[in-house]
Amino acid sequence: MSTEGRSFKKTAAAALICAVVVFLCLNRLLPDKKAEEARGDYFFLGTVVHISVYGQGKDFLSEELAGLEAEGKRLEKLFSANIPESDVRRASDGQGKWVEVSEETYALVKRAVDLSEDTDGAFDPALGRITKLWKIGSDGARVPEEEEIRAALRCCGCKDIELKEDDGAYFIKVTGGALIDLGGIAKGRVADIMVKKLADDGIKSALIDLGGNLAVTGERPGGGKWRLGIQTPERPRGEYFGTVSVSDCSVVTSGAYERYLEKDGVRWHHIFDPSTGRPTDSDFSSVTVIDRDSTKADALSTALFVMGRDGADGYLKEHKDIAAVFLLKGEKRVLVTEAARSVFTAADASLSVGDIGGAGK
Ligand code: ADP
Ligand code: MG
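Bear in mind that the values here come from a model prediction, so they are computed numbers and not experimental data.

### With respect to the nonpolar core
- Grouped together as the largest cluster of nonpolar side chains are 69 residues, with contacts concentrated most on Ile51, Val53, Ile180, Leu182, Leu304 and Phe326.
- Looking at this core element by element, the count peaks at 11 residues for helix 8 (residues 294-318).
- If you count residues domain by domain, this core takes at least three from each of domain 1 (8-77 + 185-355) and domain 2 (79-174).
- In this structure, isoleucine 51 is in contact with Ala38, Arg39, Gly40, Tyr42, Leu65, Leu68, Met194, Leu207 and Ile208, ignoring residues within four places of it in sequence.
- Trp226, Cys249, Ala340 and Leu351 belong to the second-largest nonpolar core, a separate cluster that totals 21 residues.

### Observations concerning the sheet that holds strand 5 (residues 169-174)
- Ordered by their spatial adjacency, 3 strands build an open sheet running 3-5-4, and the pairing between neighbours is antiparallel. Either end of the sheet is taken by a strand with one partner, and the two such strands are strand 3 (98-101) and strand 4 (161-166). Put simply, the sheet's adjacent strands are angled 30° from each other on average, direction ignored.
- Of the strand pairs in this sheet, strand 4 and strand 5 are connected by 6 bridges, and their pairing is antiparallel. Counterpart to glutamate 165 in the pairing with strand 5 is tyrosine 170.
- Lying over the sheet, helix 4 (residues 103-118) contacts strand 3, strand 4 and strand 5, oriented at roughly 135° with respect to strand 4.

### Things to note about empty space enclosed by the protein
- Under the counting rule described, the total for this entry stands at 1 cavity of 30 Å³ or more.
- Estimated volume of the largest cavity: approximately 40 Å³.
- Lining the largest cavity are 11 residues, and of these Lys320, Thr337, Glu338, Ile356 and Gly357 lie nearest its centre.
- Residue composition of the lining of the largest cavity, by class: 5 nonpolar, 4 polar and 2 charged.

### Considering the sheet that holds strand 8 (residues 226-231)
- On the basis of which strands lie adjacent, the open sheet formed by 3 strands has the order 8-9-18 and antiparallel pairing. Two strands in the sheet have a free side with no partner beyond their single neighbour: strand 8 and strand 18 (344-346). With direction set aside, neighbouring strand axes in the sheet form an average angle of 30°.

### Some details on the site of ligand 1
- Looking at ligand 1, there are 17 residues lining it, with Asp181, Ser254, His270, Phe272 and Thr302 nearest.
- One nitrogen or oxygen atom from the main chain of glycine 184 is found 3.0 Å from an oxygen atom belonging to ligand 1.
- When the free accessible area of ligand 1 is taken as 570 Å², the share hidden by the protein chains comes to 92%.
- Ranked by residues supplied to the shell around ligand 1, first place goes to helix 8 with 3 residues.
- Residue classes in the shell around ligand 1 are distributed as 7 nonpolar, 6 polar and 4 charged.

### Notes on the packing of helix 2 (residues 58-79) against helix 7 (residues 186-200)
- Put simply, helix 2 and helix 7 touch, their axes get as near as 10 Å, and they point 145° apart. Pair helix 2 / helix 7 crosses with right-handed handedness. Touching Glu64, Gly67, Leu68, Glu71, Gly72, Leu75 and Phe79 of helix 2 are Ala186, Arg189, Val190, Ile193, Met194, Lys197 and Leu198, all from helix 7.
- In terms of residue class, the contact of helix 2 with helix 7 is built from 8 nonpolar, 2 polar and 4 charged.

### Quick look at the domain arrangement of the protein chain
- Here the protein chain is partitioned into domain 1 (8-77 + 185-355) and domain 2 (79-174).
- Placing a centre on the C-alpha atoms of domain 1 and another on those of domain 2 gives a separation of 26 Å.
- With 33 residues of domain 1 at the interface, the matching set in domain 2 holds 28 residues.
- Around 2500 Å² of area is buried between domain 1 and domain 2 when both sides are counted, 71% of it from carbon and sulfur atoms.
- Together, Ile185, Phe272 and Pro274 form the three largest contributors to the area buried by domain 1 at its contact with domain 2, with a combined 21%.
- Viewed at the interface, domain 2 and domain 1 are joined by 3 salt bridges.
- Between aspartate 293 and arginine 111 there is a salt bridge, with its nearest N and O atoms 2.9 Å apart.
- The tally of links between domain 1 and domain 2 comes to 9 residue pairs in polar contact (both at pLDDT 80 or more).

Basis of the calculations
Residues numbered from 1 in each chain as written. Chains lettered and ligands numbered in written order. Predicted model: local features only at pLDDT ≥ 70, side-chain atom pairs only at ≥ 80, totals over all residues. Heavy atoms only, no water. Core = buried A, V, L, I, M, F, W, Y, C linked by side-chain atoms within 4.5 Å. Buried < 20%, exposed > 50% of the residue type's maximum accessible area, 1.4 Å probe, protein only. Helix = DSSP H or I, 4+ residues; strand = E, 2+ residues; numbered from the N terminus. Domains from an automatic or database assignment. Contact = heavy atoms within 4.5 Å. Pairing = 2+ DSSP bridges. Axes fitted to C-alpha atoms, helices over the stretch in contact; angles between N-to-C directions. 1 Å grid on protein atoms, 1.4 Å probe; cavity = no way out; pocket = protein on both sides within 12 Å on 5 of 7 lines; lining within 4 Å. Points joined across faces, edges and corners; volume = space filled by probe spheres on them. Nonpolar A, V, L, I, M, F, W, Y, C, P; charged D, E, K, R; others polar. Near = heavy atom within 4 Å. Polar contact = N/O pair within 3.5 Å; in protein donor to acceptor, adjacent residues only side chain to side chain. Areas by Shrake-Rupley, 256 points an atom, 1.4 Å probe, with all protein chains shown as cover. Left-handed = near helix turned anticlockwise from the far one by under 90°. Buried area = accessible area lost by both parts, 1.4 Å probe. Salt bridge = Lys/Arg side-chain N within 4 Å of Asp/Glu carboxyl O.

Right under this line is the structure:
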């Protein structure tokens with residue numbers, strides 16, 4: 001081949017490589033204009049639920065939403081303490097008898113018991129007597145007498161829950177008058193199951209919001225991390241004190257501002273200290289846990305709220321991998337763990353950011 005021919009070939013090859021590189025870069029940088037959105041708004045698990053899925057084809061996306069709604073409602077019928085024929089209610093009503101439940105309920109109760117041990121009882125899925133007594137967030141909410149609280153407390157704690165698996169069947173036995181309440185963990189588990197379904201169905205980008213219990217699949221449509229806001233307590237919904245930037249992750253917040261009863265100028269909220277049977281007098285306005293495992297994030301956000309600042313600091317020193325953000329009560333100050341440093345951004349410069357759990361040491 002002539003020198004001219006070879007040089008033409010080289011130039012053509014270089015141009016082609018450049019074109020491919022430019023195409024690949026643009027493909028990453030430009031939003032994926034073709035991604036369509038389908039959004040569903042529902043009510044289950046005692047909360048308002050929003051789900052957005054992104055991808056190709058309105059019909060496919062609508063079907064996916066319908067499937068997720070059906071799944072959420074199916075799981076509610078297993079996990080809810082407010083539905084008389086749910087697994088959880090049947091197990092609690094069985095008092096002293098082995099009650100057969102679904103594998104899903106067995107697995108979640110087992111996980112809840114493990115997390116209770118891990119948090120030294122700050123998370124207690126057997127405190128249904130206490131939640132039933134106060135009824136915070138529902139009709140009939142009231143401040144019980146000290147004697148009633150003491151009596152209910154005697155019927156709390158995971159010592160009263162037994163689990164067994166027998167030849168592919170699953171059983172729970174509840175004793176001592178205890179009642180199972182998965183209100184502090186069920187939304188996380190449902191989010192995890194939905195995320196798995198989305199992946200199985202080939203959805204690459206989705207946002208699930210189960211009453212502030214958030215989970216995202218993949219990156220946001222068009223690429224890049226999702227930026228999820230953390231609600232400023234006592235402010236209109238959608239006003240955030242900070243954001244977290246994540247992909248394939250869940251972000252769960254527990255706070256005293258969501259459900260409460262106000263009586264004689266005192267606010268009684270729905271997160272209970274299992275050692276007193278009363279709403280936790282926490283140092284925090286809210287606790288946010290950021291983790292791929294939404295079940296764990298849900299239980300831990302509740303438990304860390306109950307532990308308070310010193311308890312949470314001690315726990316986190318032993319669990320350095322936990323990414324969490326704590327808004328201190330009555331102050332414009334947040335504490336973040338080392339693992340949360342790289343994902344959390346304060347919304348305004350007047351918010352001071354400190355360490356917890358040995359971060360920065
Ligand atoms: P939310 O349900 O508002 O997202 P949480 O995840 O913190 O908030 O769960 C609060 C619910 O968990 C309560 O409504 C109650 O059903 C249950 N709960 C309250 N205190 C505890 C606790 N110490 N351990 C386990 N569950 C709790
Ligand atoms: Mg929780």
